[in-house]
Amino acid sequence: MNGNDKGKNLLLLILLFVYSVLLFVTFFSAEEKQEVGATPPESFVVVIDAGHGGIDGGAEGVKTGTPESEINLAIAEKLRSLLVGGGIKTVMTRSDSGGLYGLPVPGFKKRDMYRRAEIIGEANPAVVVSIHQNSCSSSSRRGSLVYYESGDEKGRDLARTVCDSINLMPEKPRDCVPMAGDFFILNNSPNAAIIAECGFLSNAEDEKLLLDDLYRDKFAYALYVGIVDYLLK
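As the structure is a prediction and not an experimental result, all values here were calculated from the model.

A. Highlighting the overall build of the protein. Across its full length, the protein carries seven helices and six strands. For the protein, the N- to C-terminal ordering of α and β elements is α-β-α-β-α-β-β-α-β-α-β-α-α. Out of the 233 residues in the protein, the part that is buried amounts to 42%. Considering only intrachain contacts with a sequence separation of at least 6, the fraction spanning at least 24 residues in the protein is 78%. Carbon together with sulfur atoms contributes 57% to the accessible area of the protein, which is approximately 12,500 Å² in total.

Below, the structure is given as structure tokens:
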């Protein structure tokens with residue numbers, strides 16, 4: 001066999017290899033698209049409620065005085081980016097530092113809460129996640145809590161999947177457990193709804209974590225995984 005023949009055979013082998021790879025990629029891409037199409041994510045709507053805002057800052061960090069409202073919004077925005085990236089439609093009750101009460105006059109808190117309920121009702125979401133931070137007179141209290149409306153099975157299931165996801169975080173100070181609660185947002189949501197109390201701002205260690213942007217990324221991702229697990233059940 002001369003040099004020209006060897007060169008032609010090598011070229012043929014290369015072309016056959018490339019063709020095989022293209023067939024492999026095309027086949028498995030089609031399979032993946034088919035699996036995703038079985039549960040179209042665009043059929044789901046998630047409302048993300050960043051608690052407090054404006055003159056209602058919520059709890060404050062024990063060391064820095066950072067308002068809860070600021071941390072709530074930061075985590076809510078990260079969660080929104082993850083959900084949108086996953087093809088899931090999201091609605092934010094607030095997307096800036098302001099509240100939803102209009103003028104800062106007496107009765108602002110009630111107006112704020114009713115406006116949030118209106119946004120939730122208009123969106124008719126499959127899931128509502130209200131993001132908050134906790135505070136306690138005992139500075140030793142730490143960790144996350146997830147509330148659902150008492151008697152609401154969908155809310156309880158959502159709370160469980162979110163807690164399971166949070167509990168996979170190595171930074172968690174203690175296990176997160178679902179807890180029944182009586183809260184306005186939970187009582188005025190059409191489907192599964194939870195309040196995620198991400199940590200205690202009255203605890204210096206929790207506050208330090210909640211002010212860390214990387215930790216916020218991880219916590220938002222844990223919420224995202226829990227929500228998706230619930231939606232795809």
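Next comes the rest of the description.
B. Structural context of the state of the cysteines. Taken as a whole and judged by the stated rule, the model has zero disulfides. Looking at the unpaired Cys 198, the closest cysteine sulfur is the one in Cys 176, lying at 9.5 Å.

C. Layout of the pairing of strand β3 (residues 127-134). Extensive coverage of β3 is indicated by the burial of eight of its eight residues. Residue alternation in β3 divides its side chains into two sets, Val 127, Val 129, Ile 131 and Gln 133 and Val 128, Ser 130, His 132 and Asn 134, and both sets are buried. Pairing analysis gives five bridges linking strand β1 (residues 45-50) to β3, with the strands arranged parallel. Residue pairing across strands places Val 46 opposite Val 127, the latter belonging to β3. Bridging between β3 and strand β6 (residues 192-200) involves seven bridges; their strand directions are parallel. Residue pairing for β6: His 132 is matched across the bridge by Glu 197.

About the cut-offs
Residues numbered from 1 in each chain as written. Predicted model: local features only at pLDDT ≥ 70, side-chain atom pairs only at ≥ 80, totals over all residues. Heavy atoms only, no water. Helix = DSSP H or I, 4+ residues; strand = E, 2+ residues; numbered from the N terminus. Buried < 20%, exposed > 50% of the residue type's maximum accessible area, 1.4 Å probe, protein only. Contact = heavy atoms within 4.5 Å. Areas by Shrake-Rupley, 256 points an atom, 1.4 Å probe, with all protein chains shown as cover. Disulfide = S-S within 2.5 Å. Pairing = 2+ DSSP bridges.

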